[in-house]
Amino acid sequence: MQKLLTSFGVAAALLAGTAIASAEENPIKLGHLSVHTGPYGHFGPHFDGASDFAIGLINENPPLGRPIQAFHQDWGTLGEGQVARRLVEQEGVDILYNISHNYESYRDWLLGFVAQNGRPAIPSVFAGSQRVEWGGTPEEPMFRGSPMDTAQAAAVAQHAQSLGATRVVIIASEDSGMQMSQDSAIKAAKVLGMEVLADIDIQTEQTSYRSEVARANSLNPDAILVFSQAEEGGIIVKNAAEMGMSVLFLGEPNWLAEEFPRTATMGAINRQKGVYIVGYTHSDSPAWDYFKEKWEASDYARLSPAGDSYTMQMYDMLNMTALAIEAAGTTDAREWANHVREVSMAPGKKVYSYAEGIAALKAGEDIDYEGVTGSYDYTDTGVVSGQFAAFSWNSPSEWEQTALIDGTAVLELDAAPMPE
Amino acid sequence: MSVVTSALVLGLIEAAPLVLAAMGFTLIYYLNGFTNVAFAENITFGAFFAVIFTSILGLDFYLSIIPASLLSGAVSVLTYLCIFRPALRRGVGPTEMIILSVGLSFALRYGARLIFGGDLYYFDTVSPEYYAFLGVGVTSFQITALVLVAVLASLLYVFIYRTRYGEMMRALANNEELALASGINPTLVSVLIWFIAGVAGGLAGVFFGVFSFVNTLVGWNLILIVIMISIIGGVGSIRGALIASVVVGIVTSSISLVATPLYGEVLLLVLFIAFLKIRQMRARA
Amino acid sequence: MIDLLSGYAIFSLSTVLVFVALATLLHLQFGLAGIVNFGVVGFWGLGMYAFGILLLNFQLPYFVALILAVAIVALVAFVLGWVVLDLDSQAQLVATLAFAAVIADLVTTEKWLTKGVVGLGTVPHPFGGAQSALWLLLILLVLTVGVIVYARLLGRSPFGRLLAAIRDNEVLARNLGKDTSRAKLIFFTLTSAGMGLFGALSAPVRQFLTPDLLGPGVTFSVWIALIVGGKRWPLGGLLGVLLTIFVFDFLIETYLRVPSDWAQIIPILKLMLYGVTLVLVLLFRPFGLLGDRRQPTSHL
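Residues numbered from 1 in each chain as written. Chains lettered and ligands numbered in written order. Predicted model: local features only at pLDDT ≥ 70, side-chain atom pairs only at ≥ 80, totals over all residues. Heavy atoms only, no water.

Colleague: Which residues make up the interface of chain B and chain C, and what values do they have?
Modeller: Note on interface size: it is often stated as the accessible area lost on association of the parts. With 42 residues of chain B in contact, the opposing surface of chain C contributes 41 residues. Surface buried jointly by chain B and chain C totals about 3600 Å² across both partners, of which 78% is contributed by carbon and sulfur atoms. Across the salt bridge formed by D86 of chain C and K277 of chain B, the nearest N and O atoms sit 3.9 Å from each other. At the junction of chain B and chain C, the tally comes to 9 residue pairs in polar contact (both at pLDDT 80 or more). Those elements giving two or more residues to the side of chain B that touches chain C turn out to be α3 (61–89), α4 (94–116), α9 (218–233) and α11 (261–284) of chain B. Of the residues contributing to the side of chain B that touches chain C, the split by class is 28 nonpolar, 7 polar and 7 charged. (Contact = heavy atoms within 4.5 Å. Buried area = accessible area lost by both parts, 1.4 Å probe. Salt bridge = Lys/Arg side-chain N within 4 Å of Asp/Glu carboxyl O. Polar contact = N/O pair within 3.5 Å; in protein donor to acceptor, adjacent residues only side chain to side chain. Helix = DSSP H or I, 4+ residues; strand = E, 2+ residues; numbered from the N terminus. Nonpolar A, V, L, I, M, F, W, Y, C, P; charged D, E, K, R; others polar.)

Shown next as C-alpha cells:
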C-alpha cells in the first residue's frame, strides 16, 4: 500500500513536471555566428556577452512565451559557411544571427532553405558589408543592425572635410571590410571635392608601417584617413610620432578598442594634430538611459563601455527580432520579415525598451521601437538608420565624443555616384 | 631628406631585431644542419618573458631584458635536450628534422595560446623618447636595439672566431667524427650554442614586442623571413646575417615607399628562390 | 544523427575528400619520389583561382575553364620544378614554401583580376538542380578514389620503382643511365597539376574565394596527415586525413556537445595536438602510425 502510494505520488510529480517543462522545452533557438579563433578571435567573448545580456532581458518576458536559447558557435577555423550549415541543419535554429563577410558563399543554399522550411530569420549586426539590394524581404529575411559600411566610411570623409581638410591620403588594410570602406571613402572624398593624393594598402599583422606612413607624409596631406584594426592603427600613429610627424588622423570604430591607445601610446597620439575616430553614437533618449543602467549593473559590464557600438547594436537588433516575432505570432522567418518594419517604425506607440515593447504588443497595441543606436527605422532592403559621431581618446582607458555628424548628409554622400 | 636616405635609415632600424633573430637562427642551422622552425617560438617566448617581468612583476624595462633573454636561452636548451638531440640520435634526416621542428612550433605556439589567449600584451609601463637622426625620427627603444645588435654581433663574432669554444663549435659543425675524436665534448658545446641562439632569439622578440605589441604569433609571422636571411647570408655567418638583414630591410622599405608593400615581399621571395638556384648551380660547377 | 545528405554533411565531406586527394598526391611526391613540396597550397590555390577567374571574369564554358586552369597549374609547376628539383631537400622545402607565399601575395595584390580580399564569387556547381552539391561530391569521390588507385598501381610499376630509386640514391640511378631529372620533372608537373585540379574543384565547393584560404595552414595540414598516416604507403594520405581532419573538423565538430566557453578551446587544442603528434610520430614511428609499410619492390 505504502509502495503504491509512493509510486503514485512520483508519477503525479513527474506528470506535473513534464507539463511545466514542455512550455520551457520549446525555446526559440538562436544560432550565433561568433568568432573565437583567427584574426578576429578576440571579439568572441564580447559578442557572446553582449548578445547574452540582451537575451537575458528578453527572456524575462519572451516572445510567444518561448525563451530564446542561444548557441554561440565559432567560425574562425572552419569558415562561416560550414558553421552556418551546421547551425541551421543540425541544430535546427530558428534564427541565424550575425552573418558576416562570407555570406555570399552560402547565400544561395540559405535562401533555398528558407523558402523550403520557413527558417531561419537572418538578423545581423555585420551585414553592413553585404550588397545593399539584399535583404528586407520574406524571400531574404535578412535585416541589418547597423547602417551600411559604405555610409560609415563616407562619414569619415565628411568629418575630415568638416575639420578643414582638402588633401587626403587614404590607407586601408588588406581586409575585405576595410578595402570596401576605402573605396567608399575615396568616392565620398571626391564627391566632396577633396583631393585624394593616394590610396595605400597595408598588410595586416605587421610590427611596423613606417615606410607606408613615410610615403603618406611625403605627399603633404591635410588628413590621413585609415581603415584598419585597432593594433594596426596604433602602430601607424606610433610610427608617425617616431618620424616627428604631426598630422590629422581619422580612423574607424575599431579604433575605439583599447588596443589602439595601448599600441600607439598616448604620447604618440598627443603629438598628432588630432586623432579622431568616426563611429556610431547612442541616441539621447529614454532608451539610452534604460540600457546604460541595465548594462552597467550587469555581469557583462566589464566587456565594454555602454557606448560601445557593437554592444548597442546587438542589444537593439535582438530586441527588434524578438518584438517582430511576437508581432508576427510565429517564428516563421517569412512572416517575421513582414513585421520588422511594423514594430520598428511609425505609426505606433514609441517604446524605448524591449520590456515596454512586449507589454504593449501583448496588450494589442502597435509599436514603434526607438533604439539605443537611433530611431531604428528600416529601408526596403533591411538597412537600419544610425547616428554618426566623432570620438577621441583622453587616456588609454577612456574616450569621449567630440562632435555629432550630420546623418542625412552622410546618407546623401553614400548614395551619390562616383564623380567623373 | 631623399627617398634613398629614408630607405637606408628605415631599413637599418627595421633590420635591428631581425639581425638578432637571424644570428641566433643561423647558429643552430650551422651546428646541427637543419632549419629549426620552432625558433619562432623562441622569439615569441622572449617577448612574453619580458612582458611578464615588466607588466606583471613591475621590473624596469631595460632591467627585464636580462632575465627574459636568459630564460629564452634556457627554453632553447630544453628543446634541444628533450626533442632535437634525441631525434638526431635516432637518425632522423634533415628534411624530417624540419618537419619535426614545425610540429614542435605548432605545439608550443598553441600551448602558449591556451595559456595567454589571443589578447595583445603590452609594455605599458614604458614610453619611448623621440629623437631625430639624419632627418629621420627614431625612438630610444630603436636606438637600444641597434646598440644591442652591434654589441651582440661583435661579441658573437669574437666568440666564434677567436675563442676556444667557438673553435670547438666550428670543428663539431664541420666534421663531427674528427671533433669527437679530438676529445671535444659535444653536449657542452651544443648546449652553449643553443643557449646563445635562444638568447638572441629572445632579445629579438623583446624588441619586436616593444616596437608594436606581443601576442603568440610574433615569432611565427617572422620565421620565413628569418630563414631567408640566414640562408642568403650564409649558414653560420654572423656577418652574412647582418648584411642580409640590412639588405632585406632596405629593399622592403624602398618598395613600401613607392608601391604596394606586398610587392616587396614578392620580390624578396622570388629573389630568394633565384638565389637558391644560383647557389646550387655554382656548387655543381 | 546526421543527415548525410544535408548541405552541411556534403560540404564537410567534399572538403575532406579534397584533403585526402592532396595528401595522396603528396605521398607520391614525397613518399615515393622524395620531393619535398611545401607549396601544396600554392598549386591548390592557383588551380582554384585560375578556374574561378576563367569562369567568372572571362566567361569560359565550365569544363573548358577547368581544363585550362589545370593546364596553367601544370605550366607553373613545370617551371618551378625546373628551378627547385635539383636543389637539396632543405632548399626545396623553403623554395616551395616561398612559391606558395608568392601565390598568396599576388592573389591579394592583383585585385583587378582576383578581387583581392573582397573575394571572388559566386562559383556555381558543375551541374545545376537541387542536388548540385551532391553531384559535385560524387565527382570528387570518383576522382579521389582514382588518385589512390593510381598511387597504388604506380608504386608497383617500373616508373614507380625508378622514382623510388631516385629518391633513395639519385647519383646511382643516374650512373645506371636513367634520365633522373626528366623523370622527376614530368612526375612533379603531373602530380602538382593534380593538386591544381582538386583546387579547381574546390572553387565550386566553397563558392566564394578569398586569399586567406591560401595561407600555409593547408600545406601543414596535408603534411601532418601524411606523416601520421604513413608517407610510403598509398593509403597513408587517406588514413592520415581520417585520423586528423576527419576526426576534428567533422566528427568532433558535429557530435561533441560542449559549452561555448570550452568550444573555442577545441580548435586551439586540435592544432597543439597536431604538433605534438607530429613530433611523436617522427621520433618513434617515422613511417607513420602503422609502421613501415613500404612496398616490397621499392627497395634498391
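Colleague: Break down the UniProt feature "transmembrane region" (unreviewed entry) in chain B for me, citing the residues and quoting the values.
Modeller: All names here are of chain B. As recorded in UniProt, the sites labelled "transmembrane region" (unreviewed entry) are residues 6–31, 38–59, 65–84, 91–110, 130–160, 188–211, 217–235 and 262–278. Taken end to end, residues 6–31 is 100% helix and 0% strand, and its two terminal C-alpha atoms sit 37 Å from one another. Span residues 188–211 is 100% helix and 0% strand, its end C-alpha atoms 35 Å apart. (UniProt positions renumbered as here; feature names shortened; annotations may be inferred.)

Colleague: A description of the interface of chain C and chain A should follow, citing residues and the corresponding values.
Modeller: At the interface, 27 residues of chain C touch 25 residues of chain A. Summed over both partners, the interface of chain C with chain A comes to about 2300 Å²; 53% of that surface belongs to carbon and sulfur atoms. Where chain C packs against chain A, one counts 2 salt bridges. Between E174 of chain A and K111 of chain C there is a salt bridge, and its shortest N-O distance comes to 3.0 Å. Linking chain C with chain A are 6 residue pairs in polar contact (both at pLDDT 80 or more), by the criterion used here. At 4 residues, the largest contribution of residues to the side of chain C that touches chain A is made by helix α1 (residues 7–32) of chain C. Of the residues contributing to the side of chain C that touches chain A, the split by class is 9 nonpolar, 11 polar and 7 charged.

Colleague: Got a sec to walk through the layout of surface pockets? Specific residues and values, please.
Modeller: One water molecule sets the probe size; rolling that probe over the atoms shows where empty space is left. By volume, the second largest pocket is sized at about 750 Å³. Around the second largest pocket sit 27 residues that line it, and E89 and W109 of chain A together with G7, A130 and A133 of chain C are the ones nearest its centre. Those elements giving two or more residues to the lining of the second largest pocket turn out to be α3 (80–90) and α4 (107–117) of chain A together with α1, α6 (132–156) and α9 (180–206) of chain C. Counting residues per element, the lining of the second largest pocket draws most heavily on α4 of chain A, at 6 residues. Each residue belonging to the lining of the second largest pocket can be placed in one class, and the counts come to 11 nonpolar, 12 polar and 4 charged. (1 Å grid on protein atoms, 1.4 Å probe; cavity = no way out; pocket = protein on both sides within 12 Å on 5 of 7 lines; lining within 4 Å. Points joined across faces, edges and corners; volume = space filled by probe spheres on them.)

Colleague: Which residues make up the nonpolar core, and what values do they have?
Modeller: Residues M23, F84 and L100 of chain B together with F51 and W223 of chain C are the most contacted members of the largest nonpolar core, which totals 192 residues. Take this core: its biggest share by element is 16 residues, from α1 of chain C. Not counting residues within four places of it along the chain, the set of residues in contact with W223 of chain C comprises I99 of chain B together with L26, F30, V36, N37, F38 and V40 of chain C. Listed in part, the 71 residues of the second largest apolar core include V35, I55, A287 and M312 of chain A. (Core = buried A, V, L, I, M, F, W, Y, C linked by side-chain atoms within 4.5 Å. Buried < 20%, exposed > 50% of the residue type's maximum accessible area, 1.4 Å probe, protein only.)

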